[in-house]
Amino acid sequence: MMAGDALILAVASRSRNLELMRGLLDEAGYRVLTADDVEEFDALLQEADGVSLAVLDIDGFTTEIWARCERLQSLGVPILVLAKRLPSGVRQKALSIGARQLLEKPVRKGELRQSVQTLVTVH
């Protein structure tokens, strides 16, 4: 799948992190939908057809984020999880709801770009 064909859902509670993600994904040629709270995430999930990948920065969200991830998993959307810390309990939960990759922040731009490209290509 070409970058321009891929639609990526980017979710982060901190607007600066969301801006950085969107900028990186836009620069790489992806189409991007963004959400910075659970309500926006829910609205985007209603229109999740055609989403190639979800990039979720889970810092700042409560455990209700996992229910949204289960919905993405049921739709066959691969998930890339970002977090400042990924202790084993969080890693296990993320993997159990369909996360294909987990990255600890800070993440280098090249590493995030490569992870996105790999997951979009596999999907």
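Residues numbered from 1 in each chain as written. Predicted model: local features only at pLDDT ≥ 70, side-chain atom pairs only at ≥ 80, totals over all residues. Heavy atoms only, no water.

### Considering the packing of helix α3 (residues 64-74) against helix α4 (residues 88-96)
To describe two helices that pack against each other, one gives the angle between their axes and the distance between the axes.
Phase 1 of the analysis: Between α3 and α4, the least distance of the axes is 9 Å, while the angle of their chain directions is 35°. Residues W66, E70 and Q73 of α3 touch α4, and the partners they reach there are V90, K93, A94 and S96.
Phase 2 of the analysis: Of the residues belonging to the contact of α3 with α4, the class tally is three nonpolar, two polar and two charged. (Axes fitted to C-alpha atoms, helices over the stretch in contact; angles between N-to-C directions. Helix = DSSP H or I, 4+ residues; strand = E, 2+ residues; numbered from the N terminus. Contact = heavy atoms within 4.5 Å. Nonpolar A, V, L, I, M, F, W, Y, C, P; charged D, E, K, R; others polar.)

### Remarks on the side chain of S115
Phase 1 of the analysis: If you trace the backbone, S115 turns up in helix α5 (residues 109-122).
Phase 2 of the analysis: Overall, the relative accessible area of 6% leaves S115 in the buried class.
Phase 3 of the analysis: Within polar-contact distance, the side chain of S115 engages the side chain of Q101 at 3.2 Å.
Phase 4 of the analysis: Ignoring any residue separated from it by four or fewer positions in sequence, one finds S115 in contact with L80, Q101 and L103. (Buried < 20%, exposed > 50% of the residue type's maximum accessible area, 1.4 Å probe, protein only. Polar contact = N/O pair within 3.5 Å; in protein donor to acceptor, adjacent residues only side chain to side chain.)

### Points about unusual backbone geometry
Phase 1 of the analysis: For the bond running from K105 to P106, omega is 0°, close enough to zero to count as cis.
Phase 2 of the analysis: Position of P106 among the secondary structure elements: in the loop between β5 (99-104) and α5.

### Some thoughts on the nonpolar core
Phase 1 of the analysis: Among the nonpolar cores identified, the biggest contains 27 residues, and L9, F41, L56, L72, I79 and V81 are the most heavily contacted of them.
Phase 2 of the analysis: For this core, the secondary-structure elements that each account for two or more residues are β1 (7-12), α2 (38-46), β3 (51-57), α3, β4 (79-83) and β5.
Phase 3 of the analysis: Residues within four places of L56 in sequence aside, it is in contact with V11, F41, C69, L72, I79, L80, V81 and L82.
Phase 4 of the analysis: In terms of nonpolar packing, the next biggest core, distinct from the first, is built from 19 residues, L18, M21, V116 and L119 among them. (Core = buried A, V, L, I, M, F, W, Y, C linked by side-chain atoms within 4.5 Å.)

### Comments concerning the layout of surface pockets
Phase 1 of the analysis: The volume enclosed by the largest pocket comes to roughly 250 Å³.
Phase 2 of the analysis: What lines the largest pocket is N17, L20, M21, L24, D57, L82, K105, P106, V107, R108, K109 and L112.
Phase 3 of the analysis: Contributing elements (two or more residues each) for the lining of the largest pocket: α1 (15-27) and α5.
Phase 4 of the analysis: With four residues, α1 is the largest single contributor of residues to the lining of the largest pocket.
Phase 5 of the analysis: For the lining of the largest pocket, the class distribution of residues is seven nonpolar, one polar and four charged. (1 Å grid on protein atoms, 1.4 Å probe; cavity = no way out; pocket = protein on both sides within 12 Å on 5 of 7 lines; lining within 4 Å. Points joined across faces, edges and corners; volume = space filled by probe spheres on them.)

### Some points on the pairing of strand β2 (residues 31-35)
Phase 1 of the analysis: Sheet topology places β1 next to β2; five bridges connect them, and they run parallel. Bridging across to β2, L7 finds its partner in R31.
Phase 2 of the analysis: Between the parallel elements β1 and β2, the chain passes through α1 in a crossover that is right-handed. (Pairing = 2+ DSSP bridges. Right-handed = clockwise from strand over helix to strand, strands pointing away.)

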